[in-house]
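# Descriptive analysis of the structure
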There are 2 protein chains.
Amino acid sequence: MNQDLKRYTTSDFDEFPKEFRRNFMNCLSGFKSLCLCGTMNKEGLPNLSLISSVIHVGANPPLMGMLMRPETVQRDTIENIRKSGVFTLNHVNPKILEAAHQASARYPTGVSEFEETNLTPLLYDKFSAPFVQESVLRIGLHFQERHTILANATTLYVGKVVMIEVDEEVIRKDGFIDLEGLGSLTASGLDSYHSTNQIKRLSYARPGQISSEL
Amino acid sequence: MNQDLKRYTTSDFDEFPKEFRRNFMNCLSGFKSLCLCGTMNKEGLPNLSLISSVIHVGANPPLMGMLMRPETVQRDTIENIRKSGVFTLNHVNPKILEAAHQASARYPTGVSEFEETNLTPLLYDKFSAPFVQESVLRIGLHFQERHTILANATTLYVGKVVMIEVDEEVIRKDGFIDLEGLGSLTASGLDSYHSTNQIKRLSYARPGQISSEL
């Protein structure tokens, strides 16, 4: 039954070359969300970073989280969130995939990833973080709380959703947003990008009942 | 430019019907990982739950996290992890999609979702949590730490990866696991399931350099 599956344990992991291990372990969590995180520093310079660790935290209040790498190097995004208290998350679609990937390059502080990637910062009064104009699902958040994972010094940043801009046509009657219709992409590992094909929606599962297609 | 996007703010959210709001907010985070979480109680009854909130936490040590709903109702998975200290995450593929969805039904404590869904628990000596035999990417974890989100009482459970079983053929030379080759699925919202189409892998992004396809 399982002859075809290869087993790896901790002692194997320790023998993996560093790059192999990084790629391998980054794939285990499955497909990931793909967002551009917009922030602004106190001089008004807009900053952009590519984030694949966004999770849904709650619907009421509406909360989202993102896990950030340890702050051992300069992290403009984190610094800006701490000072301004706000950030944006903008879904990545095929038209801006290369620009989004480029936003993951480590530009020095003082350089705006918007300029470097030719993405357009969209700024609104009373909200001190830029949205990405080329994105068709844009979310504005107020920083809420953060939690540091003791095991490796990564930090979960949780924000409260205060504003959403989205193409109304992809919103179904029951509130479901057709992300595939928007062209939102998903990522795997450190560098792989994917579009999706909806298989189906299934009705709420109950014991002893077969769910139907929605 | 943006005329086509509809804007929603907090006062709009508050007017959304409850079900609409749940669906809508659950879509914002983008595409999600889709795993079956296996645990076992002290009587040896295997438990299974469907989790769409798994994130990569780190490669060295290898860490993964999953966000769990508030513990206001009986949560067998959480209870079992606390007592046994271990759990498994098993990727969902098309062959077990309906069974995986059914595992999200709220069965009473004392009923095994394995039996109810006809999935096969795979048990190994010295590891007190069942893997899902029908999954072709199975991960065994030791519970490491947990963090409660103050804003809504959800809890991030972090585990250390100690064992992986995967089809060797989908592992690339650089450690990248071809999840698409495995048939791993992704989810959106509360109930939508999707397969993926790889667009491309892009080389590590550096300032002033165009990434090439890997």
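Our subject in this report is the structure included herewith. Counting restarts for each chain, with residues numbered from 1 along the sequence as it is written. The naming scheme follows written order: chains are lettered A onward, ligands numbered 1 onward. It should be noted that, the model being predicted, local features are given only for residues of pLDDT at least 70 and side-chain atom pairs only at 80 or more, the latter also being counted only at that level, while totals for whole chains, interfaces and linings use all residues. Side-chain metrics rest on all non-hydrogen atoms present in the structure, leaving aside hydrogens and water.

### Concerning the overall build of chain A
Short version of the rule: A run of DSSP states H or I qualifies as a helix once it reaches four residues; a run of E qualifies as a strand once it reaches two. Both are numbered from the N-terminal end. Working definition: with a 1.4 Å probe on protein chains only, accessible area under 20% of the residue-type maximum means buried, over 50% means exposed, and in between means partly exposed. It only takes one pair of heavy atoms within 4.5 Å for two residues to be counted as in contact. In this count, Lys and Arg are taken as positive residues and Asp and Glu as negative ones, while His and the chain termini are left out. A charge is said to be at NZ when it belongs to Lys, at CZ for Arg, at CG for Asp and at CD for Glu.
Per the secondary structure count, chain A includes six helices and 13 strands. By its C-alpha atoms, chain A is 60 × 50 × 30 Å across when sized along the principal axes. By the burial criterion, 59% of the 214 residues in chain A qualify as buried. A separation of at least 24 residues holds for 56% of the contacts in chain A among residues at least 6 apart in sequence. One way to put it: in chain A the 22 positive side-chain charges average out to a point 6 Å from where the 25 negative ones average out.

### Some remarks on the pattern of salt bridges
Definition in use: Salt bridge, as used here, is a side-chain nitrogen of Lys or Arg placed within 4 Å of a carboxyl oxygen of Asp or Glu.
Enumeration according to the criterion identifies 20 salt bridges over all chains in this entry. For Asp14 of chain B, the salt bridge goes to Arg21 of chain B, with nearest N and O atoms at 3.4 Å. For Arg21 of chain B, a relative accessible area of 7% corresponds to the buried category. Here the residues in one salt-bridge network are Arg7 of chain A together with Arg138 and Glu165 of chain B, joined through shared partners.

### Points about unusual backbone geometry
Residue and element names in this part refer to chain A. Following Asn60, the chain continues to Pro61 via a peptide bond in cis, the omega torsion being 0°. Checked against the element boundaries, Pro61 lands in the loop between β5 (54-59) and β6 (62-68). Non-glycine residue Lys126 carries a positive phi angle of around 65°. Its place among the elements puts Lys126 in the loop between β8 (121-124) and β9 (127-132). The backbone of Ala153 shows a phi angle near 65°, a positive value even though the residue is not glycine. Looking at the element boundaries, Ala153 is found in the loop between β10 (137-148) and β11 (155-167). Given the relative accessible area of 37%, Ala153 is considered partly exposed.

### With respect to the relation of the copies chain B and chain A
This is how it is decided: To line up the copies, we fit them by least squares on C-alpha atoms, keeping just the residues with pLDDT of at least 70 in both.
Note on the copies: chain B fits chain A at an RMSD of 0.0 Å, the axial shift is 0.0 Å, and the rotation between them is 180°. Both copies of the chain, as the preceding transformation shows, are related through a two-fold rotation axis. Judged by C-alpha distance, Thr196 of chain B is the residue of chain B that lies nearest the rotation axis, at 2.1 Å. Mapped onto chain A, 100% of the interface residues of chain B again fall at the interface, so both copies present the same surface.

### A word on helix α2 (residues 18-27) of chain B
Most of α2 of chain B is tucked away: seven of the ten residues are buried. The set of residues buried in α2 of chain B consists of Phe20, Arg21, Asn23, Phe24, Met25, Asn26 and Cys27 of chain B.

### Side note on the sheet that holds strand β2 (residues 32-33) of chain B
How we decide: When DSSP finds at least two bridges between two strands, those strands are taken to pair.
If you trace the six strands from one edge of the open sheet to the other, you get β2(A)-β12(A)-β13(A)-β13(B)-β12(B)-β2(B), paired in antiparallel fashion. Edge positions in the sheet fall to β2 (32-33) of chain A together with β2 of chain B, since each has one partner strand and no second. Where β2 of chain A and strand β12 (residues 186-188) of chain A come together, two bridges link them in antiparallel fashion. Each bridged residue has a counterpart across the sheet, and for Ser33 of chain A the counterpart in β12 of chain A is Thr186 of chain A.

### Considerations on the packing of aromatic side chains
We apply this condition: Planes of paired rings set the category: under 30 degrees apart is stacked, over 60 is edge-to-face and the rest tilted, where pairs are Phe, Tyr or Trp rings (Trp by its six-membered ring) whose centres lie within 6.5 Å. Note on geometry: a ring has a charge over it if NZ (lysine) or CZ (arginine) is within 6 Å of the ring centre and within 35 degrees of the ring normal.
Tallied over the entire structure, the rule returns 18 aromatic pairs over all chains. Taking 6.1 Å as the distance between ring centres and 40° as the angle between the ring planes, the aromatic pair formed by Phe13 of chain A and Phe16 of chain A counts as tilted. Taking the relative accessible area as the measure of exposure, Phe13 of chain A reaches 1% and is therefore buried. Put simply, the rings of Tyr8, Phe13, Phe16, Phe20 and Phe24 of chain A touch in pairs and so form one group of aromatic residues. In this structure, Arg7 of chain A is placed above the aromatic ring of Tyr124 of chain B, and the distance from its NZ or CZ to the ring centre is 4.3 Å. For the cation-ring pair, Arg201 of chain A lies above Phe176 of chain A, with the distance from its terminal atom to the ring centre recorded as 4.1 Å.

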